[in-house]
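Residue-level structure breakdown
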Amino acid sequence: MVEWTEFERSTIQSIFEKMDYEDVGPAALCRCLVVYPWTQRYFGNFGNLYNAAAIMSNKMVAQHGITVLHGMDRAVKNMDDIKATYAELSVLHSEKLHVDPDNFKLLGDILTIVVAARMGTAFTAEVQAAFQKFLAIVISSLGRQYH
């Protein structure tokens, strides 16, 4: 079980309360697909992903980015048991979708960059530490089925 300080808990909740999901979700997933092009293989049914412009304008990519962030809401609401919260998603991603679990870390890193850019100077080292701790638990929970 993860121990959360009151600062960490309130910081994570505040980040997600203030987050513009329709901006951050698509920005993070699009950037991930551009920066790490091998991650595109999981989105073959999303149409044209041939270059950065095509990825950035792809409505299916944008919608999935929003879906991913809303999936993280579940972790925010269940911070004391994120592993159990994501048990089904872990099975789905490992057994049905066969997603390489390293991709969760890549997307987490990109999400940190996008959130930092949106928050500006409010994204202090302490805020980043709380956010990355949260992402580490989410990533570990999603990858749990692989172990």
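Before reading further, recall that the structure is shown in the block above.
Everything in this summary refers to the structure shown in the same document.

**Some points on the packing of helix α2 (residues 21–35) against helix α7 (residues 102–119)**
Orientation of α2 relative to α7, taken along the N-to-C sense of each, is 130°, at an axis distance of 9 Å. It follows that α2 is oblique to α7 by the angle criterion. In this structure, the crossing between α2 and α7 has a hand that is right-handed. Taken together, the residues of α7 that come into contact with α2 (itself represented by Asp-23, Val-24, Ala-27, Ala-28, Leu-29, Arg-31, Cys-32 and Val-35) are Leu-106, Leu-107, Ile-110, Leu-111, Ile-113, Val-114, Val-115 and Arg-118.

**Quick notes on the pattern of salt bridges**
With the rule as written, the count across this model stands at four salt bridges. Notably, a salt bridge pairs Asp-80 with Arg-9, separated by 2.9 Å at the nearest N-O pair. You can see Asp-80 sitting in the loop between α4 (59–77) and α5 (82–85) and its partner Arg-9 sitting in helix α1 (residues 6–18), a full 71 residues away along the chain. What makes Asp-80 partly exposed here is its relative accessible area of 41%.

About the criteria used
- Residues numbered from 1 in each chain as written.
- Predicted model: local features only at pLDDT ≥ 70, side-chain atom pairs only at ≥ 80, totals over all residues.
- Heavy atoms only, no water.
- Axes fitted to C-alpha atoms, helices over the stretch in contact; angles between N-to-C directions.
- Helix = DSSP H or I, 4+ residues; strand = E, 2+ residues; numbered from the N terminus.
- Parallel < 35°, antiparallel > 145°, perpendicular 65-115°, else oblique.
- Left-handed = near helix turned anticlockwise from the far one by under 90°.
- Contact = heavy atoms within 4.5 Å.
- Salt bridge = Lys/Arg side-chain N within 4 Å of Asp/Glu carboxyl O.
- Buried < 20%, exposed > 50% of the residue type's maximum accessible area, 1.4 Å probe, protein only.

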